[in-house]
Amino acid sequence: MSESILSHILLYERLSGDLFLSQDKIRVLNVTDQSRFLSSLALVLNGNATCTAVYVDLSGKTVFIARNEPITLNDERYFDRFFRQIRSYATLTSLYSIDDKAVKDIKDQLDSLLCEYNSKKMIDYFGRNATVIDGLREMIKWNTDEKNYFVNELRSKKESYTNHPLMTEKIYLILKNYTEEDYMDFLLKKVDEFLTARDQLFKNQVIPSEHQLMLAARLAMLLYQSRLFRFILDHTIGTADKGVYYFEKTSAHIRAENVLLKCLLNNKGRYGQIYKNISWKLVPSIQQTYKLNITPRQAFENIFKNLPHSSNEIISNILQKTTSESFYNQYLKKLKEIDEKPVYVGDVHAEILLIDYILNNNIKQKDYLNQVEIGISKMPCLPCSYYIAALNKKHHCCFYQSDVTNSKLYGKWIYRLNEDPSIINEINDKLIEKLQDLIKKILVESDRDGDPKKSGDSNIMFTSMKDDEFEIHQYHKFDKFNP
């Protein structure tokens, strides 16, 4: 069975990635602060790469970094500079408050460094979803009646908003005690400021400054961390489909940086001596070339021939007018070159590469509940989530929350060298089931609408944490509204 897994990966990559077939992203609710910290660290170290994974060896005071792609000299320079600033921040916050000028200066330097290194991906996020931007431009023109719909929503459910607030509600509805009308006007004012800041990023196609990029990201964060604003996005023409997703993406890096610095500030006893002396080490990438014993076409034929036995009447009716050849030619013809020359070159994905390194070097976290936990800059692809679950079970630990996945696959995927065949077979069996579901979904959506629906990608970013002092301090930097 395991000899067909790489061809199944090729089929899955094409159907879930290139076609961007609409998928359910699975997130878990019980994410630990440690997971938030590590995944935030992975994101700010990712730059323009596909994915970055990190593991912090507390006893050795070392951050291990793994990538889907090779590390460049620019990456190395950034890692050196970034961890130099983290060491300074950990040292200074052990001596002074966050209001001290030296601490503020280090934070500003980290802001600039973060935006400089991650600017290409951040600006790309700001440039997406033109429909959402058009919807926001209409939003700031709303008349009193249009605004009052959401004012009444807030007024009728204000207890719910204040009992379970996000950070923006905590500050403005609770601490500053804004009225419903004031809060609505405040949000629309910030939408206007956000659009101005965003437009400046693309004005005359000039490379924006780190200050411009950070301002836009901070405003995106303020809006994203408002439950009422998310409700507004979800119930407004133009922003209902992708509005919340857009602000999640555009605020991800600044929220990630805040998580890192807040963790260091709030855990001085545990992290103090570690991050004052933290260093980084690269995990070497692993690339392998395989001769495919079963081609993608052969693997597809084996899966497709089992579909007519489906008990779903709609699927059965569609299959009466669809052949495996017609489906393959329409959706999988890009794999023809591999069918003719069945050679597969793949890389161990960053999260699996890091787990492989941890296992091979017998690394264990002995000073914190014996947990071995990694962080990833984005949700794992589906095969990696299956793989992590199998490795968690085999090694009786939790490397990562394995039920978190973006349900897609980016980049040629391979398993660890000398992996247990039973694990490969387990992943392969699950992939076959998923491929059957994908094929059925494509058939149904194509029969109904003509083309499968598309969806976007998502970074993993669980950034909600206890203790508001840090965020309140950050919000003061761009709070200019006076009701």
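Predicted model only: the values in this text are computed from it and were never measured.

**Remarks on the side chain of N392**
Phase 1 of the analysis: When you line up the elements, N392 lands in helix 20 (residues 382-395).
Phase 2 of the analysis: Those residues in contact with N392 that sit more than four places away from it in its chain are C397, C398, F399, Y400 and S402.

**Some remarks on unusual backbone geometry**
Phase 1 of the analysis: At N177, a residue that is not glycine, the phi angle is positive and equals roughly 55°.
Phase 2 of the analysis: A positive phi angle, close to 55°, is found at H396, a residue other than glycine.
Phase 3 of the analysis: Along the chain, H396 turns up in the loop between helix 20 and helix 21 (421-449).
Phase 4 of the analysis: Under the relative-accessibility criterion, H396 is labelled exposed at 72%.

**Topic: the pairing of strand 5 (residues 343-347)**
Phase 1 of the analysis: Of the two faces of strand 5, only one is covered, namely that formed by Y344 and G346; the face formed by V343, V345 and D347 stays uncovered.
Phase 2 of the analysis: Pairing geometry for strand 4 (residues 287-291) and strand 5, over five bridges, is antiparallel. In the sheet register, Q288 faces strand 5, and the bridge partner there is G346.

**As for the pattern of salt bridges**
Phase 1 of the analysis: Under the counting rule described, the total for this entry stands at 22 salt bridges.
Phase 2 of the analysis: Its salt-bridge partner being D199, residue R137 comes within 2.9 Å of it at the nearest N-O pair. Residue R137 is found in helix 5 (residues 130-139), and its partner D199 is found in helix 9 (residues 180-202); the two are separated by 62 residues along the sequence.
Phase 3 of the analysis: The exposure class assigned to R137 is partly exposed, which follows from its relative accessible area of 29%.
Phase 4 of the analysis: A salt bridge links E419 to R416; the shortest N-O distance between them is 2.9 Å. Neither E419 nor R416 differs from the other in exposure class; each is buried.
Phase 5 of the analysis: In this structure, a network of salt bridges that share partners links the residues K107, D111, R218 and E257.

Analysis parameters
Residues numbered from 1 in each chain as written. Predicted model: local features only at pLDDT ≥ 70, side-chain atom pairs only at ≥ 80, totals over all residues. Heavy atoms only, no water. Helix = DSSP H or I, 4+ residues; strand = E, 2+ residues; numbered from the N terminus. Contact = heavy atoms within 4.5 Å. Buried < 20%, exposed > 50% of the residue type's maximum accessible area, 1.4 Å probe, protein only. Pairing = 2+ DSSP bridges. Salt bridge = Lys/Arg side-chain N within 4 Å of Asp/Glu carboxyl O.

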